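# Tertiary structure, described
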Amino acid sequence: MAAFRWLTAGESHGPQLTVIIEGLPAGLEVSEDDLRRDLGRRQGGHGRGGRQQIETDWARIVAGVRGGYTIGSPVALVIENRDHANWTAEMTAAKEGFAPKPVTRLRPGHADLAGALKYGHTDVRNVLERSSARETATRVAAGGVAKKLLGEFGITVMSFSQSIGPVDTGYDAVDPATLSEEEIAASPVRCPDPEASRRMVQEIDAAGERGDTLGGTFRVVATGLPAGLGSYVHWDRKLDGRLAQAMLSINAIKGVEFGAGFEGASRPGSQFHDEIDYQGGRFRHLTNRAGGLTGGVTNGEPLDLRAAIKPISTMKTPMPSVDLKTKEKVQAHYERSDVCVVPAAGVIGEAMVALVLADAFLEKFGGDSMEEVGRNFRAYQDTLAR
Ligand SMILES: Cc1cc2nc3c(=O)[nH]c(=O)nc-3n(C[C@H](O)[C@H](O)[C@H](O)COP(=O)(O)O)c2cc1C
């Protein structure tokens, strides 16, 4: 059983989203305010659609925290969907008087067809309400709690956009170690390169005008990680595998790489592997092309991964498709939608990385109170320093 588990519930236009987090030690300081910043960042970024004007995401803590500190019981967070007010009849749980207007025009690239076939739905709304990335608000809220835990031990997680559409800063253009949150936040697309950022905005605007959408890639970097999280001994304990699964579970993510990843595959070994050194009483690597993991174990360098997100599938100029009911050729369904979500996806990526790292951290240093976790962590650090 995982040391740290979490489960979400809620539809995009239902009354609320819920997440329950289990396995947090007692004594972790956490407040609703701590979760607000990331929830706001998930809603932002140039290219987001009208939904974000309706919502101001705020996670209410409804269980597991008392007087500002976790008490060891499951933590439950609730995010209200303000847009629900416009959808009460369509989304009611009651059988009486329920007369929805079914969605049947399938959107290529969305979960509509596969989901309807799998669950036997004749109204695609039953699929899209849960396959919508609205659910990721709960992940970001839970990720905020995971970040608080990791932060107590000096671990931070950040992200930035590397490419949007055809504009790519490249792997080597940015050294994550030199980046500041302020530089990233100053860009409307969360890209630290101002010139690339400007061109990305132009590309998004042009795509929006055409009724089209854009994808891209983002990096997530975690610093302060101790060597030794994860394990090489079995496939499902390898931390790179667990992180990749977590990243691919984010809506529309189609690829993940660690460090130099795909680009590194064309280099000879002599120009890929990270030379090992011993300085200042600790082992270190002179480069970080592995992205902070070797053998599925953190190696003491920053975790550096990149994810590719495909272009959004709901388009103002819809693609040809088929009607689920009549089987006739139609234009795909259009419902208010985003043009580009790379900046937001980075924030969700941070949350997923934080959640996986919190699990791996508690697996290694777990205890029932923060004090006990701290003791275990310090004892391990002492052995590394020997
Ligand atoms: C932050 C975020 C926002 C998204 N917004 C939309 C949207 O407005 N319209 C849309 O069609 N897809 C949107 N998506 C993508 C779909 O949720 C996703 O493509 C769909 O669930 C199918 O899953 P798959 O792409 O992983 O196969 C969004 C994804 C993310 C990460």
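### A word on the overall build of the protein chain
Regarding its fold elements, the protein chain presents 12 helices and 17 strands. Taken over the C-alpha trace, the protein chain has a radius of gyration of 22 Å; the compact-globule value for 386 residues is 21 Å, and the two agree within 12%. On the principal axes, the C-alpha backbone points of the protein chain span a range of 70 × 50 × 40 Å. Taking as baseline every contact in the protein chain between residues at least 6 positions apart, the subset at least 24 positions apart corresponds to 71%.

### Points about the sheet that holds strand β7 (residues 156-164)
Taken in spatial order, the five strands make up an open sheet running β8-β7-β9-β15-β10, and their pairing is antiparallel. Whereas interior strands pair on both sides, the edge strands pair on one side only; in this sheet they are β8 (167-168) and β10 (253-258). The strands that helix α9 (residues 239-248) touches are β10 and β15 (303-309); relative to β10, the one it contacts most, it runs at about 155°. Along the sheet, helix α11 (residues 342-365) contacts β7, β9 (216-223) and β15; its crossing angle with β7, the most-contacted strand, is approximately 145°.

### Regarding the nonpolar core
Ala 141, Ala 142, Val 353, Leu 355, Leu 357 and Ala 358 are the most contacted members of the largest nonpolar core, which totals 81 residues. The element best represented in this core is α11, accounting for 17 residues. Apart from the residues within four sequence positions on either side, Leu 357 is in contact with Leu 150, Ile 155, Ala 222 and Leu 229. Formed by eight residues, the second largest nonpolar core is a distinct cluster that contains Val 127, Leu 128, Leu 324 and Ala 332.

### Some details on the pairing of strand β12 (residues 282-285)
Two elements, strand β11 (residues 276-279) and β12, share four bridges in a ladder whose sense is antiparallel. Residue pairing for β12: Tyr 278 is matched across the bridge by Phe 283.

### Considerations on the site of the ligand
What surrounds the ligand is a group of 19 residues, the closest being Ala 133, Asn 251, Thr 314, Ser 337 and Asp 338. Top contributing element to the shell around the ligand by residue count: α11, with three residues.

### With respect to the sheet that holds strand β3 (residues 59-63)
With antiparallel pairing, the four strands of this open sheet are ordered in space as β1-β2-β6-β3. Among the strands making up the open sheet, the edge pair consists of β1 (5-9) and β3. Across the sheet, the axes of successive neighbouring strands diverge by a mean angle of 20°, strand direction being ignored. Here β1 pairs with strand β2 (residues 16-22) via five bridges, running antiparallel. Note that in β2 the partner of Arg 5 across the bridge is Glu 22. Most of the contacts of helix α6 (residues 136-151) go to β2, to which it runs at about 35°, and overall it touches β1, β2, β3 and β6 (75-80).

### Focus on the environment of Glu 152
Within the secondary structure, Glu 152 is located in the loop between α6 and β7. Glu 152 sits in the partly exposed class, given 16 other C-beta atoms within 10 Å. For the pair Glu 152 and Thr 314, spaced 162 residues apart in the sequence, the C-alpha separation amounts to 41 Å.

### Some thoughts on the packing of helix α1 (residues 32-43) against α11
How two helices sit against one another is set out by the angle between their axes and by the gap between those axes. Close contact between α1 and α11 brings their axes to 7 Å; oriented N to C, the two are set at 145°. On α11, the residues that touch Asp 38, Arg 41 and Arg 42 of α1 are Ala 344, Val 347, Ile 348 and Ala 351. Its residues assigned to classes, the contact of α1 with α11 comprises four nonpolar, no polar and three charged.

### Details of α6
Helix length check: α6 (16 residues) gives 22 Å between terminal C-alpha atoms against 22 Å at 1.5 Å per residue, within 8%. The buried count for α6 comes to 14 of 16 residues, which makes it a mostly enclosed element.

### Details of the packing of α6 against α11
Two elements in contact, α6 and α11, have axes separated by 7 Å at closest approach and are oriented at 50°. Between α6 and α11, the interaxial angle falls into the category oblique. The chirality of how α6 crosses α11 is left-handed. For the pair formed by α6 and α11, the contact residues are Thr 136, Arg 139, Val 140, Ala 142, Gly 143, Ala 146, Lys 147, Leu 149 and Leu 150 on the first element and Val 347, Ile 348, Glu 350, Ala 351, Met 352, Ala 354, Leu 355, Leu 357, Ala 358 and Phe 361 on the second.

### Describing the pairing of β7
Here β7 lies mainly inside the structure; eight of its nine residues are buried. Across two bridges, the pairing between β7 and β8 is antiparallel. Looking at the pairing, Ile 164 lines up with Val 167 of β8. Between β7 and the antiparallel strand that follows it, β8, lie two residues; Gly 165 among them carries a positive phi value of about 55°.

What counts, and at which threshold
- Residues numbered from 1 in each chain as written.
- Predicted model: local features only at pLDDT ≥ 70, side-chain atom pairs only at ≥ 80, totals over all residues.
- Helix = DSSP H or I, 4+ residues; strand = E, 2+ residues; numbered from the N terminus.
- Rg over C-alpha atoms; globule rule 2.2 N^0.38 Å.
- Contact = placed C-beta atoms within 7 Å.
- Pairing = 2+ DSSP bridges.
- Axes fitted to C-alpha atoms, helices over the stretch in contact; angles between N-to-C directions.
- Core = buried A, V, L, I, M, F, W, Y, C linked by C-beta atoms within 7 Å.
- Buried ≥ 20, exposed ≤ 12 C-beta atoms within 10 Å, placed from the backbone.
- Near = placed C-beta within 6 Å.
- Nonpolar A, V, L, I, M, F, W, Y, C, P; charged D, E, K, R; others polar.
- Expected span 1.5 Å × (residues − 1).
- Parallel < 35°, antiparallel > 145°, perpendicular 65-115°, else oblique.
- Left-handed = near helix turned anticlockwise from the far one by under 90°.

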